Amino acid sequence: MEIEVLGGFGGECLGCRMTCLLIDDRLALDAGSLSEALPVERQVGVRSVLLSHSHLDHLASLPFFIENIFGKSEGPIEIHASAATIESIQSHLFNDAIWPDFTRLPNRWLPTVRFHELKAGQPVEIEGVRVTPIPVDHPVPTFGFLLERGGAAVLWSSDTGSTRRLWEIANSLPALNALCIETSFDNSMQEIADLSGHLTPHTLERELEKLERSVPLLLHHLKPPCVEAIRRQVRRLANPDVEFLEQGRRYSFS
Ligand SMILES: [Zn+2]
Ligand SMILES: [Zn+2]
């Protein structure tokens, strides 16, 4: 399983793109930066989009991605998300006010976009990847995901504060190649992090006490103004398993 990090941050500025991973060139996990990170020819190759939740840093590029591939892709783009996320997108984004309703364009029978509802704990096969949605703790309904293909397994947290199920799954899997866990704010913003359902290096350290195995930990979703302080504070944890997910890198798991 190849995972290319198109956007690895929880916000946007020069050099920091918003959350978006590309799995085996065909499946996008979140769509924070799908349109600006890839040339149009590669966007046309993306057949399915998996969305963790409705926050803008996870779907901001969706309208422009869909416009770019309109009329070029074979069949509709399949968007997989929870019922709550689908409802939010339909009410607040593809509502013919903010952006056209691509579930009815060019017409209702040949739509550009089709939605598929994901349910917690129920695995689905998408573009050859087995995807299991895992509820995490964030102010809107949010899924982390277990991604499996062949013998490879990767856990991805999405946005979360202190959580439980993700760690239970991490501990129960026979093999796990990597665990991507968010660290959005630095310790000076602990109160904001707690209120907004995110982790800091301090709460990350506490969360990691729930992990009963050694596994490569890839930190992601850093807020751009906090990057330097988070890196300093994470270094002080002196945890040899911890690295930062690198934007632009293609990871290979087998
Ligand atoms: Zn986010
Ligand atoms: Zn969020």
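Each remark here, short or long, concerns the structure printed above.
Just so it is clear, the structure is predicted and the values come from calculations on it, not from any experiment.

J.: Lay out the packing of aromatic side chains with the relevant residues and their values.
T.: Counted under the stated rule, the structure contains 6 aromatic pairs. In textbook terms, an aromatic cluster arises when at least three aromatic residues are bridged by ring pairs, as seen for Phe 70, Phe 94 and Phe 102. In this structure, Arg 231 packs its charged tip against the face of Phe 244, placed 4.4 Å from the ring centre.

J.: Lay out the coordination of the zinc ion (ligand 2) with the relevant residues and their values.
T.: Ideal values differ by geometry: the angle at a metal is 109.5 degrees with four tetrahedral donors, but 90 or 180 degrees with six octahedral donors. Each protein donor to the zinc ion (ligand 2) is listed here as His 53 (NE2), His 55 (ND1), His 138 (NE2) and Asp 159 (OD); together their distances run 2.1 to 2.3 Å. Read N to C, the donor residues that coordinate the zinc ion (ligand 2) are spaced as H-x1-H-x82-H-x20-D. Metal-to-metal, the separation of the zinc ion (ligand 2) and the zinc ion (ligand 1) is 3.5 Å; Asp 159 coordinates the two. Of this pair, His 138 sits in the loop between β10 (129–135) and β11 (143–149) while Asp 159 sits in the loop between β12 (152–156) and α5 (165–172); the two residues are 21 residues apart in sequence, bridging distant segments of the chain. Residue His 138 shares its accessibility class with Asp 159, and that shared class is buried.

J.: Which residues make up the pairing of β11, and what values do they have?
T.: Here β11 lies mainly inside the structure; 5 of its 7 residues are buried. In terms of strand pairing, β10 meets β11 through 6 bridges, oriented antiparallel. Bridge pairing in β11 places Arg 130 opposite Glu 148. Judged from the 5 bridges that link them, β11 and β12 form a sheet pairing that is antiparallel. Within β12, the residue paired with Arg 149 across the bridge is Ala 152. The turn linking β11 back onto β12 is made up of 2 residues, and Gly 150 within it adopts a positive phi angle of 55°.

Definitions and cut-offs
Residues numbered from 1 in each chain as written. Chains lettered and ligands numbered in written order. Predicted model: local features only at pLDDT ≥ 70, side-chain atom pairs only at ≥ 80, totals over all residues. Heavy atoms only, no water. Phe/Tyr/Trp six-rings, centres within 6.5 Å; stacked < 30°, edge-to-face > 60°. Lys NZ or Arg CZ within 6 Å of the ring centre and 35° of its normal. Donors = N, O, S within 2.8 Å, 3.2 Å for Na, K, Ca; no water. Helix = DSSP H or I, 4+ residues; strand = E, 2+ residues; numbered from the N terminus. Buried < 20%, exposed > 50% of the residue type's maximum accessible area, 1.4 Å probe, protein only. Pairing = 2+ DSSP bridges.

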